[in-house]
Every structure is written in C-alpha cells, then in structure tokens.
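# Overview (structure and organization)
Chain by chain, the residues run as shown.
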Amino acid sequence: MATLSAVNFLFDSSSQLLPFWIAIAQNDRELELAAKARQIAYGKHLPLLGEKLAVPDADDRNPDFAVLLAFSKLDGSCIGTVRVQIANQQQLRLEESYALPKALRTGRIAEVSRLAIPARSNGLALRLMLIKAAYWYSRANLVDRCFLCVRYPVDRQYRRFDLDDVLQPDEFVAMKHIGMIPHRILWFDVFHIEARWLLSANPLHSVYFSSSHPDLLQNIQMRTLQLETQNQLRSIG
C-alpha cells in the first residue's frame, strides 16, 4: 500500500548522506559488536543488565529478529545498534510480560528493542536514524504495528515521536526480557504515522519521510517506496 506522498517523494526528495551507515548484522562477529555496544550503553546506568547483554543471545540468531548496526564512516567502528522482531514464528518478547489487547495483535506486529549507543557524540542524530532504519525495515516487511518498551526517564525522549500508550499514560510493566525493569509500552501504526505527523506538523515528518538517507539499509526507504508505488499502479490496472 503506497502512501499519498510516495509518488511525489520518488521524484522530489532531499537526499542526505550521514557520517555513518546502518546495516543488518550478517555474522557472529557483527552480532558480537552489537552485544558490546549494548553492554557499554546499558552498563552506564544499569550495570547488571549491561553484563547480561555482553554476549549475543539466542534471539540475535533467530530468523524473526534483525539486528541493525551503525558503523562510523571515519574508522568503521560500531557506534550503535537496534533490534527488530517481527512476530512470525513466535509472540513478541514483550508479550512474555504483558498480553497485548486483541485489537492491537491483529495483522503483522513487530517490536523494536535493544537500542544502544555507547558514546554520547552524535547521540540524538544516531538515535533518530537507528529508529528510522527500524521503521523502514518494518514497513518493507509489511508490518502493521510496531511496539517499543521504554523505561523511565528515557521514555521522556520519545515524546517527540507522538506515540500511543498501550496502557494508561505513565503506567509501567516489569519486563522479563529487559531484566524485570519497569517499562512503558508504546506503539504506532506503521502506515498511518506518516499522515499523523504531517497533520500535526511534527518536525520528524521531514526527517523520516520527506528526506532520503541512502546510508540506511542500502537505501531501504527509496526501495520500499518504489515497490509500494509499483504495487499500487498494478492494483489500479
């Protein structure tokens, strides 16, 4: 399903290169880089959890999961990571701690987790791009809804995304897959958030939809929009 802005984007987009690129982990070495980034990032505030994340876990090698890595163009070092689970063969990890309402489980769902940025430099830009890469990966795989579990006070950083709470606002649930630490459960509709941000004049609309970042997953945004547009044209006949 192509969005209303898809066709215009293909011909009139702002392409921006980044000082890093983001790719899907392909081997054990790259999974170890992701684990090291998690250990450092989480260990700053949650030392016990950081140690538990020091090595790749079974989910990292599960075909339902994609581990995304950001690499510096300066020296090729791993500077960040995020993980996406699409509920194909099993339930989302968050569902081990909380049963999602049936209305939110319909269709194809995914969970974005294990966001980790070891260093402070370029932290905000890198965070936005890791989440953008996770978004377009989900959209390319026809995900209907994405969920994120965020702890206090990190949840305040997600206000700019204008997401919805699964529970009551500011209500937290202890998460088994995140060291039993209380988290808010946020969610968004993959194909509707573009229009939502456009109507609310959210500045992230420009970053996520009006601008193209070819360094994200081999230009996944452009490739996905091209495919969506082709499919829409076929359906019209």
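Residues numbered from 1 in each chain as written. Predicted model: local features only at pLDDT ≥ 70, side-chain atom pairs only at ≥ 80, totals over all residues. Heavy atoms only, no water.

### Quick notes on the pairing of strand S6 (residues 145-150)
Cut-off, in case you're wondering: Working definition: with a 1.4 Å probe on protein chains only, accessible area under 20% of the residue-type maximum means buried, over 50% means exposed, and in between means partly exposed. Elements are defined by DSSP. Helices are runs of H or I of four residues or more, strands are runs of E of two residues or more, and each kind is numbered from the N terminus. Being paired, for any two strands, means DSSP has found at least two bridges between them.
Extensive coverage of S6 is indicated by the burial of 6 of its 6 residues. Residues Arg-145, Phe-147 and Cys-149 of S6 are buried on one face, and the alternating residues Cys-146, Leu-148 and Val-150, pointing to the opposite face, are buried as well. Taken together, the 4 bridges between strand S5 (residues 109-116) and S6 define a ladder with parallel strand orientation. Bridge pairing in S6 links Glu-111 to Phe-147. In the sheet, S6 pairs with strand S9 (residues 181-189) via 6 bridges, with the strands oriented antiparallel. Paired with Phe-147 across the strands is Trp-187, a residue of S9.

### Focus: the environment of Lys-44
Quick reminder of the rule: The contact criterion used throughout is that any non-hydrogen atoms of two residues lie within 4.5 Å.
Take Lys-44: it is sitting in the loop between helix H2 (28-43) and helix H3 (47-52). When the C-alpha atoms of Lys-44 and Pro-118 are compared, they prove to be 8.8 Å apart, with 74 residues separating the residues in sequence. Residues within four places of Lys-44 in sequence aside, it is in contact with Ile-117, Pro-118 and Ala-119.

### What about the pairing of S9?
The buried fraction of S9 amounts to 7 of the 9 residues, a majority that puts the element mostly inside the structure. Note: strand S8 (residues 173-175) against S9, 3 bridges, orientation antiparallel. Following the sheet pairing, Met-175 is matched in S9 by Ile-181. Between S8 and S9, which pair antiparallel one after the other, the connecting turn spans 5 residues, and Gly-179 there sits at a positive phi close to 65°.

### A word on the packing of helix H5 (residues 123-140) against helix H8 (residues 220-236)
Threshold: Comment: axis = line fitted to C-alpha atoms, over the contacting stretch for helices; angle = value between 0 and 180 degrees taken between N-to-C directions. When an angle is under 35 degrees it counts as roughly parallel; over 145 it counts as roughly antiparallel; between 65 and 115 it counts as roughly perpendicular; any other value is oblique. The handedness criterion is simple: a crossing whose near helix is rotated anticlockwise from the far helix by less than a right angle is left-handed, and one whose near helix is rotated clockwise is right-handed. Residues are sorted three ways: Asp, Glu, Lys and Arg are charged, Ala, Val, Leu, Ile, Met, Phe, Trp, Tyr, Cys and Pro are nonpolar, and all the rest, Gly among them, are polar.
Look at H5 against H8: their axes get within 10 Å of each other, and the N-to-C directions meet at 25°. Relative to H8, the element H5 lies roughly parallel. Taken as a pair, H5 and H8 cross one another with a handedness that is left-handed. Contacts between H5 and H8 involve Lys-132, Trp-136, Tyr-137, Arg-139 and Ala-140 on the former and, on the latter, Ile-220, Gln-221, Thr-224, Leu-225 and Glu-228. Residues belonging to the contact of H5 with H8 are distributed by class as follows: 5 nonpolar, 2 polar and 3 charged.

### Regarding the packing of aromatic side chains
Just so we agree on the cut-off: Centres within 6.5 Å make a pair out of two Phe, Tyr or Trp rings, where for Trp the six-membered ring is used; the pair is then stacked when the planes are under 30 degrees apart, edge-to-face when over 60, and tilted otherwise.
Summed over all chains, the structure comprises 10 aromatic pairs. A centroid spacing of 6.1 Å and a plane angle of 65° characterise the contact between Trp-136 and Phe-209, whose relative ring orientation is edge-to-face. Remark: Phe-209 occurs in helix H7 (residues 204-210) and Trp-136 occurs in helix H5; sequence separation between them is 73 residues. Here the aromatic residues Tyr-135, Trp-136, Tyr-158, Phe-161, Phe-188, Trp-197, Tyr-208 and Phe-209 are joined through ring pairs into a cluster of three or more.

### Some thoughts on the side chain of Arg-127
What counts, and what does not: We score Asp and Glu as negative and Lys and Arg as positive, and we do not count His or the chain ends. Salt bridges are defined as contacts in which a side-chain nitrogen from Lys or Arg sits within 4 Å of a carboxyl oxygen from Asp or Glu.
Tracing the chain through its elements places Arg-127 in helix H5. Notably, Arg-127 is buried but unbridged: the nearest opposite-charge side chain belongs to Asp-155, and the N-O separation is 11 Å. For Arg-127, the residues in contact, after removing those within four places along its chain, are Leu-115, Ile-117, Val-154, Gln-157 and Tyr-158.

Treat this as a map of the structure, not an account of what it does.
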